[in-house]
Amino acid sequence: MLDKVMQTAVSSAIAIITLFVLTRLLGKKQMAQLNFFDYVIGITIGSIASEYAVVRDIHMAEGLTALIVVTLFSVMFSYLSIKSYWCRKILDGSPVILIENGKILNKNLQKVKLNINDLLEECRQKNFFDIADINFAILETSGKLSILPKSQSRPLTPRDIKIPTINEDLCTNVIIDGKIIKEHLKSIYLNENLLYTELARQGIDDIDHVLLAYIDTTGVLHTHIKNNDDSDIRFLH
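So, a few notes on the structure that sits alongside this text.

What counts and what doesn't
- Residues numbered from 1 in each chain as written.
- Predicted model: local features only at pLDDT ≥ 70, side-chain atom pairs only at ≥ 80, totals over all residues.
- Heavy atoms only, no water.
- Helix = DSSP H or I, 4+ residues; strand = E, 2+ residues; numbered from the N terminus.
- Buried < 20%, exposed > 50% of the residue type's maximum accessible area, 1.4 Å probe, protein only.
- Areas by Shrake-Rupley, 256 points an atom, 1.4 Å probe, with all protein chains shown as cover.
- Salt bridge = Lys/Arg side-chain N within 4 Å of Asp/Glu carboxyl O.
- Pairing = 2+ DSSP bridges.
- Contact = heavy atoms within 4.5 Å.
- Axes fitted to C-alpha atoms, helices over the stretch in contact; angles between N-to-C directions.
- Polar contact = N/O pair within 3.5 Å; in protein donor to acceptor, adjacent residues only side chain to side chain.
- Arc of directions from axis to C-beta.

## What to know about the overall build of the protein chain
Scanning the protein chain for helices and strands turns up eight helices and nine strands. Counting over 237 residues, the protein chain shows a buried share of 25%. Carbon and sulfur atoms make up 58% of the accessible area of the protein chain, which totals about 16,800 Å².

## Some thoughts on the pattern of salt bridges
With the rule as written, the count across this model stands at three salt bridges. Across the salt bridge formed by Lys-226 and Asp-177, the nearest N and O atoms sit 3.2 Å from each other. Remark: Asp-177 occurs in the loop between strand E5 (172-176) and strand E6 (179-180) and Lys-226 occurs in the loop between strand E8 (220-225) and strand E9 (231-235); sequence separation between them is 49 residues. With a closest N to O distance of 3.4 Å, Arg-201 and Glu-198 form a salt bridge. On the criterion of helical spacing, the pair formed by Arg-201 and Glu-198 is a turn pair, its members being three residues apart in helix H8 (residues 192-201).

## Concerning the sheet that holds strand E1 (residues 96-100)
Spatially, E2-E1-E3-E4 is the arrangement adopted by the four strands of the open sheet, whose pairing is antiparallel. Both outer strands of the open sheet, strand E2 (103-104) and strand E4 (145-149), are each paired with one neighbouring strand and no more. Against the sheet, helix H6 (residues 116-125) touches E1, E2, strand E3 (134-139) and E4, its axis set at about 65 degrees to E4.

## Description of the side chain of His-222
Note that His-222 resides in strand E8. At a separation of 3.0 Å, a polar atom in the side chain of His-222 contacts the side chain of Asp-216.

## Observations concerning H8
Turning to H8, its buried residues are Leu-195, Glu-198 and Leu-199. For H8, the buried positions fall inside an angular range of 100 degrees around the axis, keeping them on one side. Of the exposed residues in H8, the ones pointing more than 90 degrees away from its buried face are Asn-193 and Arg-201. Where H8 begins, the side chain of Asn-191 points an oxygen toward the backbone nitrogen of Asn-193, at a separation of 3.2 Å. In the stretch just after H8, Gly-203 is the one whose phi turns positive, near 80 degrees.

Note that every value here comes from positions in space, so none of it alone points to a role or purpose.
This is the structure:
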């Protein structure tokens, strides 16, 4: 009995490690970005891994071979979809217009097997409670609904009222859970001594107490202390 438990534990560990390596090979995709082919491949790989982990009749070489072959097929088809429009159209499908100029296109709803209640729910989740406010609603290949509101229903922007703005960059995390992210410091041309100096100005003498510290686009250092909801803000010169 103990031998079977150990074999299952070892097989499961090997399956998990193999899955991790293979999924890194497949690339990063959020669940909402998966097309039908990616979804099927994911289910297949998961099924093979689970069978390999618990079924004793499956030899390790057989299970790993099946996982690698399925993954290679996925990589090959992904490459083809990048290089070929027709292959991409077959694998990914095409976006479908569901609403045009405030009118629901019933034939397209039937084509994508979506009922009116589901469509209305998707619109409400995107803060559109009146179909008449929608210029276009498009069902993407990922299954997400993209909405282009009519010009009269769009939020007011600085461009609309001709207010000048400056471009904003990303914030840079410099400390995470008490650890300095050195490559981030280098990317914004700062050194650790300057960071420690600024932390001292904020009354922080132990970096281990810092949960998160980041520098915004204006050069301001924001610090969040562990077990403390307050944050100190100072300019980093």
